[in-house]
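# A structural walkthrough
This is what each chain is made of:
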Amino acid sequence: MAKRLVAKTGEYQKDGQTKGEYTKIGVVLSNQNGEYMLLDPAVSLAGVMAKQNAMAISKGEQVRDNVMVSIFDDENQGQQQQPQQQQQGGWGQPQQQQQQGGWGQPQQPQGQYQGQRG
């Protein structure tokens, strides 16, 4: 079973309620050797921490020197409403990722790489 790693980086109002805005950090997967994490290299943890601290300052809370990350089981994904940008990715969906050569799957080279000269 895959678990999603997400960080709360903001809040927004919807239908008079305050909702959380989350940034996907990566996934926790498991195999015969135990659990392991795959972190998205495109996510800046310093940027996530800056957003979390900006949110804390606006609420009058303490500024922290580390990133708070939540772990969600994928089976609970349908129970939580998340902003649209969070629903577009394939995090925590190993079947789909394997078909696409995603995380944890070696990709086969497909001919010459762009920019390579003969």
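What comes next is a walk through the structure. Just so it is clear, the structure is predicted and the values come from calculations on it, not from any experiment.

How each quantity is defined
Residues numbered from 1 in each chain as written. Predicted model: local features only at pLDDT ≥ 70, side-chain atom pairs only at ≥ 80, totals over all residues. Heavy atoms only, no water. Salt bridge = Lys/Arg side-chain N within 4 Å of Asp/Glu carboxyl O. Helix = DSSP H or I, 4+ residues; strand = E, 2+ residues; numbered from the N terminus. Core = buried A, V, L, I, M, F, W, Y, C linked by side-chain atoms within 4.5 Å. Buried < 20%, exposed > 50% of the residue type's maximum accessible area, 1.4 Å probe, protein only. Contact = heavy atoms within 4.5 Å. Pairing = 2+ DSSP bridges. Axes fitted to C-alpha atoms, helices over the stretch in contact; angles between N-to-C directions.

Here the structure, examined in full by the defined rule, presents three salt bridges. Here Glu-35 makes a salt bridge to Lys-3, at a shortest N to O gap of 3.3 Å. With Glu-35 in strand S3 (residues 34-39) and Lys-3 in strand S1 (residues 3-14), the pair connects residues that are 32 residues apart, well separated along the chain. Among the ionic pairs, Lys-59 bridges to Glu-11, the shortest N-O distance being 2.8 Å. In this pair, Lys-59 is assigned in helix H1 (residues 45-59) and Glu-11 in strand S1, connecting sequence segments 48 residues apart. The network of salt bridges with shared partners includes Lys-8, Glu-11 and Lys-59.

Of all hydrophobic cores here, the largest spans six residues; its members are Leu-5, Ala-7, Ile-25, Val-28, Val-43 and Val-48. At the level of elements, S1 and strand S2 (17-31) are the ones that each hand at least two residues to this core.

Secondary-structure assignment places Val-48 in helix H1. Taking the relative accessible area as the measure of exposure, Val-48 reaches 4% and is therefore buried. C-alpha separation for the pair Val-48 and Met-68, spaced 20 residues apart in sequence, amounts to 9.0 Å. Dropping the residues within four chain positions of it, Val-48 is found in contact with Ala-7, Thr-9, Thr-23, Ile-25, Val-43 and Val-67.

Here six bridges tie S2 to S3, and the two strands are oriented antiparallel to one another. Following the sheet pairing, Asn-31 is matched in S3 by Gly-34. Turn length for the S2-S3 hairpin, with the two strands adjacent in sequence and antiparallel, is two residues.

Here we take up the sheet that holds S1. Across the sheet, which stays open at both edges, the four strands sit in the order S3-S2-S1-S4 with antiparallel pairing between neighbours. Every interior strand has two partners, whereas the edge strands, S3 and strand S4 (70-73), have only one. Looking at each pair of strands side by side, their axes are set apart by 45 degrees on average, direction ignored. Pairing analysis gives four bridges linking S1 to S4, with the strands arranged antiparallel. The partner of Val-6 across the bridge, within S4, is Ser-70.

Note that all results are geometric; they support no functional claim without further evidence.
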